[in-house]
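Coordinate inspection notes
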Amino acid sequence: MSQQQAGQYVLKFISGKYQGGEFPLEQGSEILIGRSSDLDMVLVEDMVSRKHARISAKNGALEIEDFGSTNGTFVNGEKITKSRLKEGDRVLIGTNIIKLVHREQVAEDGGSPGMGAPSMEQQRQQAGPATRTTGATLTGSISGLIEEVPLPDLLQLFSTSRKSGVLVIRTENDTAKIYLREGRIFYATINDDPDISPYKAFYRVLAWKTGTFSLEQPTDETFDEEIDESIENLLMEGMRQLDEIMNLGDDVPELTSELVINRPLVPPLRSLTPELLDTIQLVFNYGSVSKVLNKSLASDLETMQDIVYLIRNDYMHVE
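Going by an unreviewed UniProt entry, the protein chain carries the name DUF4388 domain-containing protein and comes from Persicimonas caeni.

**Regarding the sheet that holds strand S6 (residues 61-66)**
In space, the five strands of this open sheet follow the order S4-S3-S5-S6-S9, with mixed pairing throughout. The sheet is open, and its two edges are formed by strand S4 (41-42) and strand S9 (82-84), each paired on a single side. Note that strand S3 (residues 29-34) and strand S5 (residues 53-58) share five bridges and pair antiparallel. For Ile 31, the partnering residue across the bridge sits in S5 and is Ile 55.

**Focus: the nonpolar core**
If you look at the biggest cluster of nonpolar residues, it comprises 34 residues, and the most contacted ones within it are Leu 155, Leu 167, Ile 169, Ile 178, Ile 185, Phe 202 and Phe 213. Only helix H5 (151-160), strand S13 (165-170), strand S14 (175-181), strand S15 (184-190), helix H6 (198-205), strand S16 (212-216) and helix H7 (231-246) provide two or more residues apiece to this core. Summarising the domain contributions, this core has at least three residues from each of domain 1 (8-103) and domain 2 (143-242). Leaving out residues up to four positions away in the same chain, Ile 178 has contacts with Leu 155, Gly 165, Val 166, Leu 167, Ile 169, Ile 185, Tyr 187, Ala 188, Phe 202 and Val 205. Core analysis: the second largest hydrophobic core is formed by 23 residues, Tyr 9, Leu 11, Ile 33 and Val 91 among them.

**Remarks on the packing of H5 against H7**
The interhelical angle for the contact between H5 and H7, taken along N-to-C directions, is 170 degrees, at an axis separation of 10 Å. The angle between H5 and H7 places the two elements in the roughly antiparallel class. Of the residues in H7, those in contact with Pro 152, Leu 155, Gln 156 and Ser 159 of H5 are Ile 231, Glu 232, Leu 235 and Met 239. Of the residues belonging to the contact of H5 with H7, the class tally is five nonpolar, two polar and one charged.

**Here we look at the sheet that holds S16**
Sheet architecture is open: five strands sit in the order S12-S16-S13-S14-S15, paired in antiparallel fashion. Bordering the open sheet on either side are strand S12 (142-145) and S15, each of which pairs with just one other strand. Mean inter-strand twist for the sheet, computed between neighbouring axes without regard to direction, equals 15 degrees. Where S14 and S15 come together, six bridges link them in antiparallel fashion. Bridge pairing in S15 links Arg 181 to Arg 184. Along the sheet, H6 contacts S13, S14 and S15; its crossing angle with S15, the most-contacted strand, is approximately 85 degrees.

**Considerations on the side chain of His 102**
Looking at the secondary structure, you find His 102 in strand S11 (residues 96-102). On the basis of relative accessible area, His 102 is assigned to the buried category, the value being 17%. Not counting residues within four places of it along the chain, the set of residues in contact with His 102 comprises Gln 8, Tyr 9 and Glu 87.

**Brief notes about the confidence of the model for the protein chain**
Counting all residues, the mean pLDDT for the protein chain is 84, and 86% of those residues have values of 70 or more. When the criterion is pLDDT under 50, residues 112-140 qualifies, and its contacts beyond four places in sequence or with other chains add up to 49 contacts.

**Overview of the packing of aromatic side chains**
Each aromatic ring pair is specified by the distance between its two centres and by the angle formed by the two planes. Inspection of every chain in the model, using the stated rule, returns seven aromatic pairs. Between Phe 186 and Phe 223, the ring centres sit 6.2 Å apart and the planes meet at 50 degrees, which makes this aromatic pair tilted. In this pair, Phe 186 is assigned in strand S15 and Phe 223 in the loop between S16 and H7, connecting sequence segments 37 residues apart. Considering the side-chain rings of Phe 202 and Tyr 203, the 6.0 Å spacing of their centres and the 65 degrees angle between planes classify their relative orientation as edge-to-face. Tyr 203 matches Phe 202 in its accessibility class, with the two residues each being buried. The structure contains a cluster of three or more aromatic residues connected by ring pairs, namely Tyr 179, Phe 186, Tyr 187 and Phe 223. The positively charged end of Lys 51 is found above the aromatic ring belonging to Phe 67, 5.1 Å away from the centroid. Stacked on the ring of Phe 186, the Lys or Arg Arg 181 has its end atom at 3.8 Å from the ring centre.

**Examining helix H8 (residues 274-286)**
Three- or four-residue spacings in an α-helix give side chains the same orientation, since the helix completes a turn every 3.6 residues. Under the 1.5 Å per step criterion, the end-to-end length of H8 is 18 Å for 13 residues, consistent within 8% with the ideal 18 Å. The complete set of buried residues in H8 reads Leu 276, Thr 279, Ile 280, Leu 282 and Val 283. Along the axis of H8, the buried residues cluster in a sector spanning 155 degrees; they form a single face. The exposed set on the far side of H8, more than 90 degrees from its buried face, consists of Pro 274 and Phe 284. Of the surrounding secondary structure, the elements contacted by the buried residues of H8 are strand S17 (259-261), helix H9 (289-295), helix H10 (300-312) and strand S18 (316-318). Note on H8: the residue one or two positions beyond its end, Gly 287, has a positive phi of about 80 degrees.

**As for the pairing of S11**
Counting buried residues along S11, seven of its seven residues qualify, which places the element largely inside the surrounding structure. Alternating positions in S11 separate into two faces, Asn 96, Ile 98, Leu 100 and His 102 on one and Ile 97, Lys 99 and Val 101 on the other, with burial throughout. Examined bridge by bridge, strand S1 (residues 9-13) and S11 share five bridges and lie antiparallel to one another. Residue pairing for S11: Phe 13 is matched across the bridge by Ile 98.

Definitions and cut-offs
Residues numbered from 1 in each chain as written. Predicted model: local features only at pLDDT ≥ 70, side-chain atom pairs only at ≥ 80, totals over all residues. Heavy atoms only, no water. Pairing = 2+ DSSP bridges. Helix = DSSP H or I, 4+ residues; strand = E, 2+ residues; numbered from the N terminus. Core = buried A, V, L, I, M, F, W, Y, C linked by side-chain atoms within 4.5 Å. Buried < 20%, exposed > 50% of the residue type's maximum accessible area, 1.4 Å probe, protein only. Domains from an automatic or database assignment. Contact = heavy atoms within 4.5 Å. Axes fitted to C-alpha atoms, helices over the stretch in contact; angles between N-to-C directions. Parallel < 35°, antiparallel > 145°, perpendicular 65-115°, else oblique. Nonpolar A, V, L, I, M, F, W, Y, C, P; charged D, E, K, R; others polar. pLDDT = per-residue confidence, 0-100. Phe/Tyr/Trp six-rings, centres within 6.5 Å; stacked < 30°, edge-to-face > 60°. Lys NZ or Arg CZ within 6 Å of the ring centre and 35° of its normal. Expected span 1.5 Å × (residues − 1). Arc of directions from axis to C-beta.

Here it is in structure tokens:
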């Protein structure tokens, strides 16, 4: 990355108090970040140290350096002391997730490219008076759009930074909650539905591509069936299941679809396995794809494989 290129990038706040704000990177410059009012980028909240980190655009490279801050600096979920930055990288400082984007992309997204990007002082004025307390509690959480921070990336970031709390993800129709304890996931729900096991809820949420997220305060709530896997293993298994469901092809129905058993039912039931018979019974009792998946004792992948088989072999159809 040349010095000229370094001047073409913007630090875009995609979470935290200054969400939506932009801070331009100029060639040959450095940005001091922290809670102290005499720094370049002032982030007024308890989780940010007085002098937290520095981003420099010098000698044809962009670098970030942590100054031994109490809560650390993270790049793409990894805690760093010093690290090179490239376009698309996400930096976590306190409750602020900052993404390195090209100025042309900022303009395409409706922002103010180049020197027209708002300064941090302008952002603070827009947010209202900033004090050590209000900076930390104005939003009360790390929040943003999952279009900006995909859930796997977000969860890895929370894992390495050992966050505790309830990650609430909202879409147009559903609300999911992922419970974290010092960076480990111990429970997950969708619409607080007790029929959906925590593992199944977690794996299903990974498929969500749009919506909002916020990390709320930890809860004292306890659960009988807790998740006991590392985030890495959960993400690997969740992504595997998603990939295999996608590979089933065009016969995979939408979760909102209704399944109807064919009448007359021509193919013989005796040729089906017990698992396939269980799935037919679920379709007979509940109808909708989402309810069949929720009620099934098998994983979403296994149940969806059964549904696709039954559709392809003329036992049922989608309405």
